[in-house]
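Residue-level structure breakdown
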Amino acid sequence: MRWGTAAVVAAAAAGTGVAAFLLVGRKVSDRVVQPGTAEPPPAVKVVELGPGRVALTATADTLRRGHYALEWGERGHAVVGEVLGSGHGRVTRRLERAESGTLAVGTEVRLTPRVLVGDPRTSLGLDFAETAVAGELGAFPAWRTPGIRGTWAVLIHGAAADRSQALPVLPLLHTLRMPSLTITYRGDAGAPASPDGLGHFGETEWQDVDAAIRAALDHGAGRVVLCGWSMGATIALSTAARSAWRERIAGLVLDSPVLDWSESVRRAAAHAGASPMLAELGALSAQGRTGVDLAGFARIGSGADLPAPALLLQSPDDPISPWAAAQRLADERPDLVSLHAVPHAQHAALWNADPARYTEALRRFLVPLL
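As a further point, take empty space enclosed by the protein. Counted according to the given criterion, the structure contains one cavity of 30 Å³ or more. In this model, the largest cavity occupies a volume close to 60 Å³. Leu 126, Asp 127, Thr 145, Pro 146, Leu 170, Leu 173, His 174 and Met 178 are the residues that line the largest cavity. Looking at the lining of the largest cavity element by element, the count peaks at three residues for helix α4 (residues 170–175). Here the lining of the largest cavity is composed, by residue class, of five nonpolar, two polar and one charged.

What follows is the structure, given as structure tokens:
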């Protein structure tokens, strides 16, 4: 249900006046405070198929450069690469592989960043162990990949994503022989729930990452690098500011971090179809429901408490996390923050836009920290 429809339904149910506005605000905020929820990308149609190519309805997303997945039905999954041509309302892309399901002309598909799915072994052929991190709320599932380095990577997915978001960086970590923990946190499938059932934008989730740091140190890590995507990057910043082991943090990799909470929440609501008024109402409701500390969030976003170098990867065209906030962080902490722009990329899909350049930027940052 798009936000405009949701608002009409909520207002009709509540009548007019303050109660209606409160209910509408709550409905809009559900998408940002409920863990694991996100508005799915719009569906497009397969209009032609040929050897090594697929033609899709032309949209801004299907025309976007890079590597993406086509998903349909319950299990349909294929991967597309470069744009081969466009015109007359269609775009033809290279069909790199069709992994499951039957792709046919007329199939409605969704273009997503999930090029890699499954676990490190099924998607990449990498050895790993399914383990768990002991946190204050219980056991949090994690993937552990081996390596010989004393510096470990702790990988933190974003909101409305799961551990598979970290899969694209695992081949580089394997090449660098760098151990990793790809973790879950409260509210994830298979992990303990937050006591109130809501996400708290890093203000409580950081404790689960802190537990992962402790687990890495207990298993032989000398230092750790925190790598996060979207809200996971924000959680990494919160952890770095508050952790009892912050002096053992060697660096941070921040992919599309949420640095301006209010603006990102408004943008997320608008991206899902809310009007500016409803987006503002949703942001106010989300703040009230979660008790987010805006002053504390702003301090973390300013980099005031950064304990180590940070690679900040951001798209100037990001519809959720404003470029201005990333630029401000880099300007305020030039001693520690390196800003790497990935033009024309979507939020938290920077690797998809340019895998080789993204991987090389990450390699250059990590090698001196090993």
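Using the criterion set out here, one finds one aromatic pair in the structure. Ring centres of Phe 128 and Trp 143 lie 6.2 Å apart, and the angle between their planes is 75°; this geometry places the pair in the edge-to-face category. Remark: Trp 143 occurs in strand β8 (residues 138–145) and Phe 128 occurs in the loop between α3 (120–124) and β7 (129–135); sequence separation between them is 15 residues.

What follows is about the environment of Thr 290. With respect to the helices, strands and loops of the structure, Thr 290 is situated in helix α8 (residues 276–290). Judged by relative accessible area, Thr 290 falls into the buried class, the value being 10%. For the pair Thr 290 and His 200, spaced 90 residues apart in sequence, the C-alpha separation works out to 5.8 Å.

What follows concerns the sheet that holds strand β6 (residues 108–112). Ordered by their spatial adjacency, six strands build a closed barrel running β1-β2-β5-β4-β3-β6, and the pairing between neighbours is antiparallel. Mean inter-strand twist for the sheet, computed between neighbouring axes without regard to direction, equals 45°. Direction of pairing for strand β1 (residues 44–50) relative to β6: antiparallel, over a ladder of two bridges. Looking at the pairing, Val 44 lines up with Val 109 of β6.

Scoring rules and cut-offs
Residues numbered from 1 in each chain as written. Predicted model: local features only at pLDDT ≥ 70, side-chain atom pairs only at ≥ 80, totals over all residues. Heavy atoms only, no water. 1 Å grid on protein atoms, 1.4 Å probe; cavity = no way out; pocket = protein on both sides within 12 Å on 5 of 7 lines; lining within 4 Å. Points joined across faces, edges and corners; volume = space filled by probe spheres on them. Helix = DSSP H or I, 4+ residues; strand = E, 2+ residues; numbered from the N terminus. Nonpolar A, V, L, I, M, F, W, Y, C, P; charged D, E, K, R; others polar. Phe/Tyr/Trp six-rings, centres within 6.5 Å; stacked < 30°, edge-to-face > 60°. Buried < 20%, exposed > 50% of the residue type's maximum accessible area, 1.4 Å probe, protein only. Pairing = 2+ DSSP bridges. Axes fitted to C-alpha atoms, helices over the stretch in contact; angles between N-to-C directions.

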